[in-house]
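Letter by letter, the chains look like this.
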Amino acid sequence: VQLQASGGGLVQAGGSLRLSCAASARTFSSYTMGWFRQAPGKEREFVAAIIWSDSSTHYRDSVKGRFTISRDNAKNTVYLQMNSLKPEDTAVYYCAAEYFGGSSAAHKADDYDYWGQGTLVTVSS
């Protein structure tokens, strides 16, 4: 499975961006999809996930109410709509896929099977 993330860029604080991640998987609907990010000098952290079975969503606390993850199974694509961006959201954002991934482990990077190349989001103050 190949994942191609796009949509990153430079935006002012308070602005919005929408990230996209296109997957090559023929059974895309069977994958839980996640977004993670890594800021310079920091560890990779979970951002959001959408579960394959019921499209339930999960978010890290700091992005709740600002970010929305969604998927279009017909287009094999997962999205991350990011609103009210803050300078601390600056990072390389990665999408990831986990085959039949469950809700309980959706935040665990090690459980994901495939990773995209990352797209840089820079939020200026």
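Residues numbered from 1 in each chain as written. Predicted model: local features only at pLDDT ≥ 70, side-chain atom pairs only at ≥ 80, totals over all residues. Heavy atoms only, no water.

K.L.:
Mind showing me how you'd approach the nonpolar core here?
P.N.:
Considering soluble globular proteins, one finds that nonpolar side chains tend to be buried as a cluster. Among the nonpolar cores identified, the biggest contains 30 residues, and Met 33, Trp 35, Leu 80, Met 82 and Tyr 93 are the most heavily contacted of them. For this core, the secondary-structure elements that each account for two or more residues are β1 (3-6), β3 (17-23), β4 (31-38), β5 (45-50), β7 (67-72), β8 (77-82), β9 (91-99) and β11 (119-124). Not counting residues within four places of it along the chain, the set of residues in contact with Leu 80 comprises Leu 17, Arg 18, Leu 19, Trp 35, Val 47, Ala 48, Phe 67, Thr 68, Ile 69 and Tyr 93. The next biggest cluster of nonpolar side chains, apart from the first, holds eight residues, and it includes Phe 46, Ala 49, Ala 96 and Ala 109. (Core = buried A, V, L, I, M, F, W, Y, C linked by side-chain atoms within 4.5 Å. Buried < 20%, exposed > 50% of the residue type's maximum accessible area, 1.4 Å probe, protein only. Helix = DSSP H or I, 4+ residues; strand = E, 2+ residues; numbered from the N terminus. Contact = heavy atoms within 4.5 Å.)

K.L.:
It is not clear to me how the sheet that holds β8 should be interpreted in this structure. Could you clarify?
P.N.:
Strands pair in a sheet through their backbones, by hydrogen bonds, and they do so in one of two ways: parallel or antiparallel. If you trace the four strands from one edge of the open sheet to the other, you get β1-β3-β8-β7, paired in antiparallel fashion. Whereas interior strands pair on both sides, the edge strands pair on one side only; in this sheet they are β1 and β7. Neighbouring strand axes in the sheet, compared pairwise and without regard to direction, differ in orientation by 15° on average. Relative to β3, β1 runs antiparallel, the two sharing four bridges. (Pairing = 2+ DSSP bridges. Axes fitted to C-alpha atoms, helices over the stretch in contact; angles between N-to-C directions.)

K.L.:
Please clarify how the state of the cysteines should be interpreted in this entry.
P.N.:
Counted according to the given criterion, the structure contains one disulfide. A sulfur-sulfur distance of 2.1 Å marks the disulfide that ties Cys 21 to Cys 95. Disulfide Cys 21-Cys 95: torsion about the S-S bond near 60°, hence right-handed. Of this pair, Cys 21 sits in strand β3 while Cys 95 is found in strand β9, placing the two residues 74 residues apart along the sequence. Pair check on accessibility: Cys 21 and Cys 95 agree, each one buried. (Disulfide = S-S within 2.5 Å.)

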